[in-house]
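Read off the chains here:
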Amino acid sequence: MHNKGLIRLFAILFGLVCIYQLSYTYIASQIENNAENFAQAEISENQKNYADLREEKVNAYLDSVKNEPYFIGITYEDAKNKELNKGLDLKGGINVILQISVRDILKNMANGSDDPDFNKALAEASKKQKNSQDSYINLFFEAFDNIKGAKLASPNIFANKDLSDEVNFNMTNEEVKPIIRRKIDESIVSAFEVIRERIDKFGVTQPNIQRLGESGRILVELPGAKDISRIQKLLQSTAQLEFWEVYQIGDLVNFFIEADKIAARNLAKQDSISKPDAEKSEVQTDSTSNDQELEDLLDSSEDGETEENQLSKTNPLFSKLQLSQNQQSAVLGVAKISDTAIVSSYLKSEKARNLLKNEKRFLEFKWGKPAKGSEVIELYAIKGNRKDQPQLSGSVIVDAKQEFTQTGEVVVSMKMNGRGSQIWEEMTKKAYENQTQIAIVLDNIVYSAPGVSNGPISGGNSQISGDFTVTEAKDLANVLRAGKLPASADIIQSEIVGPSLGQEAIDSGINSFLIALILVLLWMVFYYGKAGIYADIALVVNIIFIFGVLAGLKAVLTLPGIAGIVLTIGMSVDANVLIFERIKEELAAGKAQYEAIKDGFKNALSSILDANITTGLTGLILLLFGTGPIKGFATTLLIGILTSLFTAIFITRLFLDSYGKNNKALAFSTVATKNFLKDVYVNFLSKRKVAYIISGTLLLISIFLLSTKGLNQGVDFVGGRTYTVRFDQSVNANELESALIEELGSADIKTFGSDNQVKVTTNYKVDQEGIEIDQEIVNKMYSAFQTYLPDGLTLDEFSLAEGSDSEYGIMSSMKVGPTIADDIKEASFYAIIGSLIIVFLYILIRFRRWQFSVGAVVAVIHDTTIVLGIFSALYGLMPFSLEIDQAFIAAILTVIGYSLNDTVVVFDRIREYYNIHPKWSLSKIINIGASSTLSRTLNTSFTTLVVLLAIFIFGGDSIRGFMFALIVGVVVGTYSSVFIATPIMFDTSSRTKIDLSDKNAKKEEEEGEENKA
């Protein structure tokens, strides 16, 4: 191997980079553990709502230390931003897909038109969308075009006053369509921005929000979020854009002074109440508390801190809020973001509110939108009214966009409809005459409060100026456009995982990972001796690389992702097994150790690359077509393939070469394994008819079961809702099902894992969206299960509402609407077909004979059908879920990759023997080639099965069905690689007169040589 020094240097540097990336995760975890310990010490479990109080303490602790260096200058904030992200299933939280209603957007653009042609097209599009994968706008245009004489540019539809600048009466339908598409896209972008701003309020670390193509769907992932019901409501509510007149600081100075005095008196009163207790505690102190007082005195010896403490007692409001010095400013003052809660409490206290007289009684204090990276926030006071209605709502905005003035200033231009223009002119006239401002408020946040400098604004066209960057101006334009968006945002798919279940997933994932790793490490040492130790070192380095790359890419680690890593452990030894087996062959041929190692790596390289490329191709298909956790599985699998290739080919080689440089003998086996499968020969082709009968029988049974009994399709494919519910006692699933059917009319309940946990599936009102339906089902479930639940368990605790982390009740839930279920099913179908086509083409290119491709693809179809048949036969009989869902599709694609891995290794050896012995018959080449790979095949299959069994047993209920599919697939795939793929390749070659043998050789001689072998 050339450039050993360079490879060693790269490996060391890459390893250090990975460790450095993982250090952020370690630091963040340590600080969070400190926060948890602090909260537990401060809040006893005996206190009411201790969980919520502890969470407040944790958040306060983390907020106080977030900018303090913890290790080599790294702060908690730095570490949190760069740590390895944990997914929903490990951290708990909510994952939803929102569907923005394009129908509502179209209605709004047409000003609620009652045109019969327009409404007929809308109705037809809505009807077709239930059974179509096409976008709503395409269905609408198709339905509209089918109406004779209908014109999109009709004054009753889109050629209205609001769109007069872009749509005129003379336009054809084809000319109007791109304008409508652009307007819809702008509206969806606006909705996206509104939802993103709302998510920022939750304080959830590492949220993920993204548009899903051009479908009008928005993916929102909030790992760690607890207040699920509030999040669901806020995500689905339409944007509340409002325009309000504001008070200036000069109008409220006296109020702030008096409010500060009230806050000071309240604090003094609280101190006087607690003083006797303090005095009592002072009497009971000992020398240790005196030492503590001395330390506290030294810590607070700086004058700044003393003055600050004094100010917080005498002027508590002004110690947190700095008032503006400009008497005509709409910004009343600024405060630290962390102090907003306490400032709001001072201003909203009953005594403080009583200071406000006349029309000021209706004022509302609102906070502004903090600048990115800023720690301070501005305070405003809007002029409320008895009806609590703004002077102007965002529904009047027709368009808004970021522009530049002639002087290069960044501004936002907006256009209003006729009614809005009139009100806007009145508001701007009043603001101009009184030199006041108008606040632009979205979802109770003041985005801007511009003044009016050039007189009343007529015509509805105006500009908002300020110290904007281009990005800020674009964001504000999106916000303004969102104000006219009455479109609903329905949750068409959701997954909710409670924090308790998330922690259990972490524990089970770590346990399965450690157990699988230890078993593989021990097996390699047992089978290959000292060489196995070097393979183990490479494997550990590989794991560091995988986690380091995941952290560096800011990928999300999920439970299927952990499964992917553990599976990679099992599969990554395959490369070392291939290499070691080839080295043993070279040593047996009499070569010196150095030459044997060199040739062993060289001869194994082709098989290693082919096997990993085919597996990688299926992983790539998963990444492209999968969603959520499946992408996590695919990501870790692909990263694992790349890192395992590097560690096996280069890291292991460095150790072997280093050991053998002084001619030290290195055995690649132990006493127990030295002669295992040595010189074994199996005439596989003579047994192919028996294999065909066995496989044909299994295939017929599988097809019969699939066509009669079918499969237990999960909600991913048929739509509906599913819940994991845990009780404090063993329960009977049939009794629970009967009780729930009385409430819902339709329900399926199975024991899920332990006998105190069940999985509930229902299609009750599956076609209806909205949080009200979700809550209705939860209420009915709570009512039906009441007698089985722990005493005192409230509805909120049962339903994961308000951040509940109860150990009983609903632990997780999933909802999939019928439309997106069809999309998932279609994507899964394309994923499987796509992987088969890609693999067929790759093997065709790689082996240059279509017979190899046919053999491989037939084996894959054989494996997939049998796995499906076993799932059909066993669902309802096994004590774990055998649902067909997205995770199962991931398992099928992994089985395809694994089966191809085995098949390609056999094909590679067959091709190699043909090149070495071109005069041998094809049958001899196949039998000897397949026999020579038996040691590698059985070794790899055994280690992989050990890993899968470890995950199956210890990895948690949620992925047990997923692991079962992989276990069955590995067994069937190992069998098919030598008994199906290889014989099919042989038979198709013989029947098409394509033979690799020397046609002049005599058949009798070939058979004689086979018998001697």
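The coordinates are above.
In this report, the structure presented in the accompanying data block is examined. (Residues numbered from 1 in each chain as written. Predicted model: local features only at pLDDT ≥ 70, side-chain atom pairs only at ≥ 80, totals over all residues. Heavy atoms only, no water.)

Some thoughts on the overall build of the protein chain
Inference 1: On a plain count of helices and strands, the protein chain comes out with 34 helices and 23 strands.
Inference 2: Considering the protein chain as a whole, with its 1013 residues, one finds that 52% of them fall into the buried category.
Inference 3: Pairs at least 24 apart in sequence give 75% of the contacts found in the protein chain among residues at least 6 apart.
Inference 4: Split by element, the accessible area of the protein chain, about 47100 Å² in all, is 54% carbon and sulfur. (Helix = DSSP H or I, 4+ residues; strand = E, 2+ residues; numbered from the N terminus. Buried < 20%, exposed > 50% of the residue type's maximum accessible area, 1.4 Å probe, protein only. Contact = heavy atoms within 4.5 Å. Areas by Shrake-Rupley, 256 points an atom, 1.4 Å probe, with all protein chains shown as cover.)

Let's talk about the pattern of salt bridges
Inference 1: Taken as a whole and judged by the stated rule, the model has 26 salt bridges.
Inference 2: With its nearest N and O atoms 3.3 Å apart, the salt bridge here joins R182 to E186. Of the two residues, R182 and E186 both sit in helix α8 (residues 173-200), four residues apart, roughly one turn of that helix.
Inference 3: Between K591 and E586 there is a salt bridge whose closest N-O contact spans 2.9 Å.
Inference 4: Through salt bridges with shared partners, a single network forms among E166, R182, K183 and E186. (Salt bridge = Lys/Arg side-chain N within 4 Å of Asp/Glu carboxyl O.)

Things to note about the sheet that holds strand β16 (residues 445-448)
Picture the strands of a sheet paired through backbone hydrogen bonds; they go either parallel or antiparallel.
Inference 1: Within the open sheet, the four strands sit side by side as β12-β7-β15-β16. Their pairing is antiparallel. Only two strands of the sheet have a single partner each, and these edge strands are β12 (392-393) and β16.
Inference 2: As defined by bridge partners, strand β7 (residues 241-245) adjoins strand β15 (residues 438-442) across five bridges and the pair is classed as antiparallel. The partner of W244 across the bridge, within β15, is A439.
Inference 3: Packed onto the sheet, helix α16 (residues 418-434) meets β7, β12 and β15 and runs at close to 35 degrees relative to β7. (Pairing = 2+ DSSP bridges. Axes fitted to C-alpha atoms, helices over the stretch in contact; angles between N-to-C directions.)

Let's talk about unusual backbone geometry
Inference 1: A positive phi angle, near 55 degrees, is found at N358, a position not held by glycine.
Inference 2: Structurally, the position occupied by N358 is in the loop between α15 (350-353) and β10 (364-367).
Inference 3: At Q435, a position not held by glycine, the phi torsion is positive, near 55 degrees.
Inference 4: Mapped onto the secondary structure, Q435 falls in the loop between α16 and β15.

Observations concerning the layout of surface pockets
Inference 1: Roughly 920 Å³ of internal volume is contained in the second largest pocket.
Inference 2: Lining of the second largest pocket is provided by 35 residues; of these, K584, E585, A588, K678 and D679 occupy positions nearest its centre.
Inference 3: Top element by residues in the lining of the second largest pocket is helix α20 (residues 559-588). It accounts for eight residues.
Inference 4: Per-class residue counts for the lining of the second largest pocket are 16 nonpolar, eight polar and eleven charged. (1 Å grid on protein atoms, 1.4 Å probe; cavity = no way out; pocket = protein on both sides within 12 Å on 5 of 7 lines; lining within 4 Å. Points joined across faces, edges and corners; volume = space filled by probe spheres on them. Nonpolar A, V, L, I, M, F, W, Y, C, P; charged D, E, K, R; others polar.)

Points about the side chain of Q248
Inference 1: Secondary-structure assignment places Q248 in the loop between β7 and α10 (249-283).
Inference 2: A distance of 3.0 Å separates a polar atom in the side chain of Q248 from the backbone oxygen of Q328.
Inference 3: Those residues in contact with Q248, other than ones at most four positions away along the chain, are Q327, Q328, S329, L332, Q435, T436 and Q437. (Polar contact = N/O pair within 3.5 Å; in protein donor to acceptor, adjacent residues only side chain to side chain.)

Some remarks on helix α31 (residues 922-932)
Inference 1: By the criterion of burial, α31 is predominantly enclosed, with nine of the eleven residues buried.
Inference 2: Burial in α31 covers these residues: L922, K924, I925, I926, N927, I928, G929, A930 and S931.

Things to note about the packing of helix α23 (residues 688-708) against helix α29 (residues 850-874)
Inference 1: The interhelical angle for the contact between α23 and α29, taken along N-to-C directions, is 50 degrees, at an axis separation of 8 Å. Between α23 and α29, the crossing angle belongs to the class labelled oblique. As α23 packs across α29, the resulting crossing turns out to be left-handed. Touching S695, L698, L699, S702, I703, L705 and L706 of α23 are H862, T865, I866, L868, G869, S872 and A873, all from α29.
Inference 2: The class makeup of the residues in the contact of α23 with α29 is eight nonpolar, six polar and no charged. (Parallel < 35°, antiparallel > 145°, perpendicular 65-115°, else oblique. Left-handed = near helix turned anticlockwise from the far one by under 90°.)

Quick notes on the nonpolar core
Inference 1: Counting 116 residues, the largest nonpolar core has F580, I583, L656, I843 and F888 as the members making the most contacts within it.
Inference 2: The element that contributes the greatest number of residues to this core is helix α30 (residues 886-916), accounting for 16 residues.
Inference 3: When near neighbours in sequence (up to four residues on either side) are disregarded, I583 contacts A596, I597, G600, F601, L656 and F668.
Inference 4: L139, L163, I209 and I491 belong to the second largest nonpolar core, which has 46 residues in total. (Core = buried A, V, L, I, M, F, W, Y, C linked by side-chain atoms within 4.5 Å.)

Points about the environment of E166
Inference 1: Assignment of secondary structure puts E166 in the loop between α7 (136-145) and α8.
Inference 2: Residue E166 is classed as partly exposed on the basis of its relative accessible area of 23%.
Inference 3: With 14 residues separating them along the chain, E166 and I180 place their C-alpha atoms 9.9 Å apart.
Inference 4: Those residues within four positions of E166 in sequence are excluded, and the remaining contacts are M171, I179, R182 and K183.
Inference 5: Within polar-contact distance, the side chain of E166 engages the side chain of K183 at 3.0 Å.

Here we look at the packing of α30 against helix α32 (residues 934-954)
Inference 1: The contact between α30 and α32 brings their axes to 11 Å, and the two run at 160 degrees. Accordingly, the angle class assigned to the pair α30 and α32 is roughly antiparallel. Relative to α32, the crossing made by α30 is right-handed. In contact with Y898, N901, D902 and V905 of α30, α32 contributes R936, T937, T940, S941 and T944.
Inference 2: Tallied by class, residues from the contact of α30 with α32 come to two nonpolar, five polar and two charged.

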